[in-house]
Each structure stands twice: as structure tokens, then as C-alpha cells.
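Structure at a glance
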Amino acid sequence: MQGGPLVQALLRVGRCLEDKTGVPLDSFVKLLSKTPREEYGDFGFPLARFFGRAEQVLPEVQQCVSIDYVSLSLWNGFLNVKLDERGLGRELFELMKGGWRPEPLKTETPRRIVVEHTSANPVHPLHIGHARNASLGDCLARMLKARGNDVVVRYYVNDVGRQVSVVVLGFSLLGIEPEELSTRLGTKIDHAIGWVYAVTHTAIDAVMARRRGDQEEAERLAAQLVKLRERGDASLADLIIERVSSLENPEAKLSEIMSRYEAGLEPERSKVRALSQAALEGFMETLGRMGIGYDSIDWESDVVWSGLLAAVLSKARESPYLTKHKEALALDLMRIVRERVGEKERERLRLPKGFEVPPMILFRSDGTTLYWTRDIAYSIYKFSDSKADQVINVIASEQRLPQLQIRIALLGLGYEREGLNMLHYEYEIVRLPGRAMSGRRGEYVTLDELIDEAKERAAKEAALRNPDLSKEELESIAEGIAVGAIRFSLVQPGATKSITFDVERVLRLEENTGPYLQYTHARAHNILEKHGQVKYELAEPEVFSERDRRSLLIHALLYPMVAAKAADELRPEDLASYLLKLADLFNKWYQKDSVIREPNAGLREGKAAMVQLVSQVLGSGLSLLGVPPLKRM
RNA sequence: GGGCCCGUAGCUCAGCCAGGAUCAGAGCGUCGGCCUGCGGAGCCGAAGGUCCCGGGUUCAAAUCCCGGCGGGCCCGCCA
């Protein structure tokens, strides 16, 4: 029985209601909520808003539902659903005996969905900002998959463009390989690359600032270089700075590397690839620790070299929307909007009314392409390669404009389906106190450091509580707590909230955190461990007459619907708050009622079944959030 | 200047999209309790708020509309 006894019952009510009153099931599910007062029943739906003559049809609906543990009533325009906990319990025990487990309700309209996330540039280590992207993206993918969709997770390696060229230039000025530097600095390779990137980038900017006479800026950058110098190898930093300063035209150097790479010429072709690959391996190691993986790694350079980009560009050249902007070839997006975008499209594109869309420049004057140009081609590829109905791009909201431009460009170039079904899942970036993080200045808190710090704290705490644990067990538990704490803290606030990074907050282990949920799960698991196999046939539904157990039961049984809704609405934060509430109810009950010391066998097995249910819900929900559901901690 | 996001307890935030039935909530912090009970990463209690401000719509507004104010982001031949 999909959804379990409660969700099935509620859906039956919804369907009958749709049948008898025409109120869509969707609206019912959307607006159904817990009642504020017990005497109204358990769930309420504001029926009067949709249907005036409720009194007349109520008996019909009731009869249509015909589930003995469900009764309906009307109050103040609300249709209230009251559950009989004994009937619900009886049904639950029966299901559990048959091996039923709570899981998100499967969708009736499965789609093929691509989720592209993280896609950090291979020029600096992953930092806490990327972690938010990765955590959100991975969580969306998990939820959508569990909902029954066919999900393909992709990572886009941005190895074409200016940024990678900066690192390549930096290494060639140093005359050493990334591996060597990594060894010399004693850091992961992506950290070493990030250091070279920051030093080179800042050195170039400083030189340029000085040359154009911006003394103030030059001094600021010089100060930054001092910091960077201390953080790595001072003599190597000096070498980069010195050689950058002696370059006649650093920009021309970068431009040369870029265009040769785009053209696929050696040695740039091997060099840039190798460097990106090295950084990527560092990323995957970190993401692997976080429990995050991909179905496909897509290289931006492949989009260029495979001819995909050329095909799109030739379309663009023949397009009626081709124009010139500041001497460069561009797409006249405003004209596309005027000619191709109606009210419906405007909404799908999320284009604000009256918004002036700037033209999209397709090429730099040195002939190389811009990232958004390549992104048009890649977008088409994501749809075609995965035969996707929808593509979700998890990208910071600061990129809203270019993302919108890409959607409009797709529309204008004849890729209407792609343009309209591409969703920019926006999230606010993580800020450091007082400032944004900056890869090119080397200002960031790396994810590796954060995990290690969290792990250390967790290990201390876990060792205190579990002196019997082996080193290996402790290690893996601490890692689980660290990952749980970090991921939960990044996914729990709504994606539109900007987060100011605060180590203390992220690593907290108390209520309203990932570890709190993990702890609750471990407690539940512990009871079951001590209790042994649940004997469902002995379980007495009467056990749920007690208030706290009753609310726990009802809340836990709602899980399949909550998880389904969170998935459809792409709102992991809703799942997070639901789980917190469940944990609260569980812990409150736990405090004053014992399972294994319950003398009455019927009640004991009933409670055990309830704990089993809660533990399964927590286990499933935590997995969807990417928080490891630990059994001990 | 234009577009978008955010503004709720000292702090971090939920509720707003789909206005209602004790809707003013949670956590942190503060203060006070609970360790001979299945794990105290827990539980119980107290203090703490003009829901940024001003209008409007409505029988009803934290929620919708308009106008302000404060903070953030974007408006680059960077990504």
C-alpha cells in the first residue's frame, strides 16, 4: 500500500472530494494542514473557499471514502478529517508485518530530469559556498529520484575560459607541475592550484592597476599578495609576482592560452586538461566525503571540440536576431522577447515584466567564446544526451541575468522546448562575515578544512560517550556527524536566504541540527536493538490512545506525503523542518515512556512498532537530505 | 537609475506563494529545574516581539496591493 494508512486515507478523502465537489486533488493536498485545535480533528481543509454547499455533499463524500478509521466533519468552512488511532494502528501493524516501509509517495507522472550542480571552476578548492550548491543539488536529486523520477546528475567542468588560463599561466611562470607544488606545499592538489590561481590573478590585477595609475587599488592588491605569500610558499609567490610584472602584456598571454585551448592546439590542450583533471580529482575526493556523486562529468572543452558549439554558432550567425553590440557579434535578446515571448513564456522564463534584457555578446574580440555562449550549446546537449523533460541548474542567484539570457537565447535560436524547460534553481551565496568569498583573491574557507574541523569536534564528543568504540568506528562516526552537520546547515534554511558563514553555527550539535536528527535516529535504533524483532501480531493498537504516542504516529505516517511535496516543490527545507518536528515529538515521548520496560506485551510491541516506524522515517528522510543516518554516535 | 531577493524575540530563522479556526512560532543565548530508568547531542519551565514603516483591499492581513525605509545581489568582450 503506497503511502501507508494515513496518506492513503487522506488521498482517498481528496479523491472523493474531487469527485463530489470538483475541488482538484492538487488543491486539497496543497492546502490540507494540521488543525490548530484538537477538537476540530486532525487535518483540515478550507473547503468553503472552493465549494459553497459543503453540508449537502458531506454525507456523500463520507460514504465514498468509507474507511472505518476516518471521519469527516465541517467547522467554520473547514472540512476536517479525524482519524481513529486504533484503526490507523491496526492497519499500520498489518502493513509492517508485510514488510511495508515508509517512503516518499511515487509520482504518477514520472519525468526525466537532469540536475546539474556544483560545477565549480577547477581553479581553486571547493569552499563552503560550493558546498551549499552541492548539498542543495544532491538533495534535490535524491528527492526527485525517490519520488519516482528518472534523474541524471551532471557536473560541468569549466575548463574553457579565462580562469583556467590564469592558473596555466601561473604554473608556466613557475615552471613546475601541479603535483610537484602539491607535494612541496604539503596540500591537496586542488588547494595548491587554488593558491597559484589566487597569487597569479591578484598579481596580474595589481600590475594592471599600477599601470593604469590606480595607486589605491594597487596597494590593496599588494597587501592581499602579502597574505597569500604567507599562506603558501613565499619564494614561489615572489617568483610569480616578479615574472608577472615582467610580462609585457599579461592579458595577451591569457588570450593566447584561451584561444589555443579552444582551438584544441598542443601543448595547451594537454596542459589545461591535465590541470583541470587534477583539480577535479581533488573536488571529487571532497564531494565523495560528503556523499555526493555524479552520473556524468561533462567537459566544457568537449562542447567546443565536438562541434556542438560550432553548430549553435552557425545557427546564431544565420539568426534574424543576430546583431552588433559594442562592435561585437551578439544576439538581440530584447527582440526575441518582443517577437517570441508571450504571457505564458514570460512566466516560464521568469522574465520580469518590462525588464530590459541586455544583448548577449557571443564572442570576445580575440575570437574566443564567452561562457554563456558555450552554455547555450551545453544546455541543448543536456536535454538531448539525457532525453530530459526538464533540466535543473543549481546556480547561485547572482547569475540570474546570464541564466535568463541563456533561456531567451535558446528560445530565439529555435530551442523553445529547451529554453522553457530549463530551471535555474537559485540559491544565495554563502558569505564570510562582512564580505563575500573570493576565489581569485584566495579568500575562502575550504570545505576540506571545514569537514576536518567538524570531524575533530564530533570525534571528541563521540569518544566521550562511547569509550568502547574502536578507532575505525569512531573515525567513521565522526565523519558521518561532520557531514551531517554541514549538509543539514546548508540545506535547512530556504535557498533564497543568504547565509553568513559561522563555524560555530555550522558545527553545533544541538537541537535544530543534523546531528540532533542523527542522535534521535540512533536513540530509536538503540531501543530496537535492545528490544529485538518486533512482534507485530502481538501489537495492540490501543497503544496509540495515549496522546503523545498518537501525535507521534500521525506525524510519522505523514512522511510519504511530506517528502513527495518537498520533492515536487524543490523544497528540501520543508523536509528538514518536518524531520525536526518528528524528532521533537519522539524525544518528548522518549523521556517519559519506556518500551522495553513496558510489562504489557501488546503495548510493548505496539510501542516498538512505533519506534520502528519513526526510525524508518528518520532514516529515509535523512538519506534524502544527505545526512548519514547513524546507528551509534 | 532599472530588475530581483531579504526585513518576524538579543541572535539565526520558520510561517507569506495557495489570507482565516489561539498565528505571533522554533532553535541559539539568558535564567531556573530534571542524571539508581531504552543514550542528558535529551526533557520540563521562565523571561523576551510595534511580524521594518505608512496607506489600501477584506467580515478577516505577518500573509494580498500601493508607497516608503534598511540590507544584499545583478545590470562586464569574468564565471
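Residues numbered from 1 in each chain as written. Chains lettered and ligands numbered in written order. Predicted model: local features only at pLDDT ≥ 70, side-chain atom pairs only at ≥ 80, totals over all residues. Heavy atoms only, no water.

Description of the domain arrangement of chain A
- Here the domain parsing of chain A yields domain 1 (4-83), domain 2 (112-158 + 292-436), domain 3 (162-289) and domain 4 (447-625).
- Centre-to-centre separation of domain 2 and domain 4, based on C-alpha positions: 37 Å.
- Contacts between the two partners involve 27 residues from domain 2, matched on the other side by 25 residues from domain 4.
- For domain 2, the biggest contributors to the area lost against domain 4 are Ile128, Arg132 and Met143; these three give 26% of the whole.
- At the junction of domain 2 with domain 4, the criterion picks out two salt bridges.
- Our count for the contact surface shared by domain 2 and domain 4 stands at 10 residue pairs in polar contact (both at pLDDT 80 or more).
- Taken together, the elements giving at least two residues each to the side of domain 2 that touches domain 4 come down to helix H5 (128-146), strand S12 (422-427) and strand S13 (430-432).
- Of the residues forming the side of domain 2 that touches domain 4, the biggest block, 12 residues, is contributed by H5.
- Within the side of domain 2 that touches domain 4, the residues separate by chemical class into 18 nonpolar, two polar and seven charged. (Domains from an automatic or database assignment. Contact = heavy atoms within 4.5 Å. Buried area = accessible area lost by both parts, 1.4 Å probe. Salt bridge = Lys/Arg side-chain N within 4 Å of Asp/Glu carboxyl O. Polar contact = N/O pair within 3.5 Å; in protein donor to acceptor, adjacent residues only side chain to side chain. Helix = DSSP H or I, 4+ residues; strand = E, 2+ residues; numbered from the N terminus. Nonpolar A, V, L, I, M, F, W, Y, C, P; charged D, E, K, R; others polar.)

Considering the packing of helix H24 (residues 547-557) against helix H26 (residues 572-592)
- At a minimum axis distance of 10 Å, the contact between H24 and H26 shows a crossing angle of 155°. By the angle between their directions, the pair H24 and H26 is classed as roughly antiparallel. Pair H24 / H26 crosses with left-handed handedness. In this structure, H24 uses Asp548, Arg549, Ser551, Leu552, His555 and Ala556 to contact H26, whose residues at the interface are Tyr578, Lys581, Leu582, Leu585, Phe586, Trp589 and Lys592.
- Class assignment of the residues belonging to the contact of H24 with H26 gives a composition of seven nonpolar, two polar and four charged. (Axes fitted to C-alpha atoms, helices over the stretch in contact; angles between N-to-C directions. Parallel < 35°, antiparallel > 145°, perpendicular 65-115°, else oblique. Left-handed = near helix turned anticlockwise from the far one by under 90°.)

Digging into unusual backbone geometry
- Cis peptide bonds are those with omega within 30 degrees of zero, and the linkage from Glu266 to Pro267 qualifies with 5°.
- Of note, Pro267 is situated in the loop between helix H11 (250-262) and helix H12 (268-289).
- Here the phi dihedral of Asn76 falls at roughly 50°; this positive angle occurs in a residue that is not glycine.
- Along the chain, the position of Asn76 falls in the loop between strand S3 (70-75) and strand S4 (78-83).
- One non-glycine residue with positive phi stands out, namely Glu327, at about 70°.
- With respect to the secondary-structure elements, Glu327 resides in the loop between strand S8 (322-325) and strand S9 (328-331).

Digging into helix H18 (residues 400-412)
- For H18, built from 13 residues, the straight-helix expectation of 18 Å at 1.5 Å per residue is met to within 8% by its first-to-last C-alpha distance of 18 Å.
- Counting buried residues along H18, 11 of its 13 residues qualify, which places the element largely inside the surrounding structure.
- Looking at H18, one finds that the buried residues are Pro402, Gln403, Leu404, Gln405, Ile406, Arg407, Ile408, Ala409, Leu410, Leu411 and Gly412.
- One or two residues past the end of H18 sits Gly414, with phi positive at roughly 95°. (Expected span 1.5 Å × (residues − 1). Buried < 20%, exposed > 50% of the residue type's maximum accessible area, 1.4 Å probe, protein only.)

Digging into the protein's contact with RNA strand B
- RNA strand B sits among 61 residues. The nearest are Tyr40, Arg465, Lys497, Asn526 and Asp593.
- If you look at RNA strand B and keep only atoms within 4 Å of the protein, 69% of those are sugar or phosphate atoms.
- Residue Lys30 places a main-chain N or O atom 3.3 Å away from a base nitrogen belonging to RNA strand B.
- Arg364 is positioned such that a nitrogen or oxygen atom in its side chain is 2.4 Å from a phosphate oxygen of RNA strand B.
- Where the surface near RNA strand B is concerned, the elements lending two or more residues are helix H2 (25-31), S4, helix H17 (371-386), H18, helix H20 (447-465), helix H23 (514-531) and H26.
- Along the lines of polarity and charge, the residues of the surface near RNA strand B split into 22 nonpolar, 15 polar and 24 charged. (Near = heavy atom within 4 Å.)

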